[in-house]
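# Structural overview
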Amino acid sequence: MKNNDEIPLISKKYSIPSSLYGTAFKVFQKKYVYPRNWIMTVLFLGIAGYYFFCLASDMENIMYWLFAAVCLALTASLWYNPYKLRKNLVKSVENIVDDVYMLDIYETFMTVGMVQEHDTADDVAADDDDDFFAAPQQKIQTTGIPLDSSIRIIEKPDFFIVYIVKSVFYIIPKNAFLPDEILKMQKHFEDKLGKNFFKQK
């Protein structure tokens, strides 16, 4: 995907505050999880209502009670599970303070990666030209993301969410970028993604 001679339009290192994960994940859920949940909620409550209506004429029918209870339980799980997932995510990242990421945006794709420092004895010994007392070398493990129909990007006042459909999403905080860089990103995403680039307040 990457042409070694291609110069990125924007290249920047950044960190993600742990508090931003929960906020961004809730935005993601509202956009891509909650709409389906509302449809299923109406369906389950409609079915439950039918069985409650049946119970009005046959209060002793165990199956009516069972089906109504199952529908109510499924409705509750639709909303509890996303909340629990978001809570667990926030808890799992609350101690992450030092992770550094690298973003490179090119004409037709972008790469996101975590910057890792490796300065162990094994790393130094692996290269005879390394200076043992040199500063730790940085290694970046990147993921290529094509700017095409498989991508959705949501822009909020403080961050971008880059969503690879049915796969994973990435958070890009705006506070790491200069105002002109943010404007450049907005225009580039809009040009490449069109209706798949969403601006939200």
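Structure shown above.
My aim in this report is to walk through the structure given alongside it, one point at a time. (Residues numbered from 1 in each chain as written. Predicted model: local features only at pLDDT ≥ 70, side-chain atom pairs only at ≥ 80, totals over all residues. Heavy atoms only, no water.)

### Brief notes about the packing of aromatic side chains
The condition that has to hold: Ring geometry is summarised as follows: Phe, Tyr and Trp rings, the Trp one being its six-membered ring, pair when their centres sit within 6.5 Å, and such pairs are stacked at plane angles under 30 degrees, edge-to-face over 60 and tilted between the two. Helical segments are the DSSP runs of H or I of at least four residues, strand segments are the runs of E of at least two, and each set is numbered from the N terminus. Burial status follows relative accessibility: with a 1.4 Å probe on protein chains alone, a residue under 20% of its type maximum counts as buried, one over 50% as exposed, and anything between as partly exposed.
Across all of its chains, the model carries 17 aromatic pairs by this definition. Pairing Tyr 51 with Tyr 64 gives two aromatic rings, centres 5.9 Å apart and planes at 40 degrees, and the pair type is tilted. Highlighted residues: Tyr 51 in helix H2 (residues 34-55) and Tyr 64 in helix H3 (residues 62-93), separated in sequence by 13 residues. Taken together, a centroid distance of 5.1 Å and an interplanar angle of 40 degrees make the contact between Tyr 51 and Phe 67 tilted. Remark: Phe 67 occurs in helix H3 and Tyr 51 occurs in helix H2; sequence separation between them is 16 residues. Since its relative accessible area comes to 17%, Tyr 51 is described here as buried. Every member of this aromatic cluster is reached through a ring pair, and the members are Phe 25, Phe 28, Tyr 32, Tyr 163 and Phe 169.

### Observations regarding a nonpolar patch on the surface
Spelled out, the test is: Patches in this entry comprise residues that are over 30% relatively accessible and not in a salt bridge; like charges within 9 Å are linked, as are nonpolar side chains (Val, Leu, Ile, Met, Phe, Trp, Tyr) within 5 Å. Per-residue and other accessible areas follow the Shrake-Rupley method at a 1.4 Å probe size, with only the shown protein chains counted as cover for residues. The rule for a salt bridge is simple: a side-chain nitrogen of Lys or Arg has to be within 4 Å of a carboxyl oxygen of Asp or Glu.
A cluster of nonpolar residues, Leu 45, Phe 52, Met 59, Trp 65 and Leu 72, forms a patch on the protein surface that exposes about 470 Å² of accessible area. Elements with a minimum of two residues in the nonpolar patch: H2 and H3. Examined against the element boundaries, Leu 72 turns out to sit in helix H3. You can call Leu 72 partly exposed: its relative accessible area is 38%.

### A short note on the layout of surface pockets
Selection criterion: Within this scheme a cavity is a closed region of a 1 Å grid, computed over the protein atoms alone, that accommodates a 1.4 Å probe without allowing it to escape, whereas a pocket is open but has protein on both sides within 12 Å along at least five of seven lines; lining residues each have an atom within 4 Å of a point. Grid points are joined across faces, edges and corners, and a volume is the space filled by probe spheres set on the points. By the convention adopted, Pro, Cys, Tyr, Trp, Phe, Met, Ile, Leu, Val and Ala count as nonpolar, Lys, Arg, Asp and Glu as charged, and the other residues, Gly among them, as polar.
The calculated volume of the largest pocket comes to roughly 270 Å³. For the lining of the largest pocket, the secondary structure elements donating two or more residues are helix H1 (18-32), strand E3 (109-118), strand E4 (137-146) and strand E7 (168-173). Tallying contributions element by element places E7 first for the lining of the largest pocket, with four residues. Considering only residue class, the lining of the largest pocket consists of 13 nonpolar, four polar and no charged.

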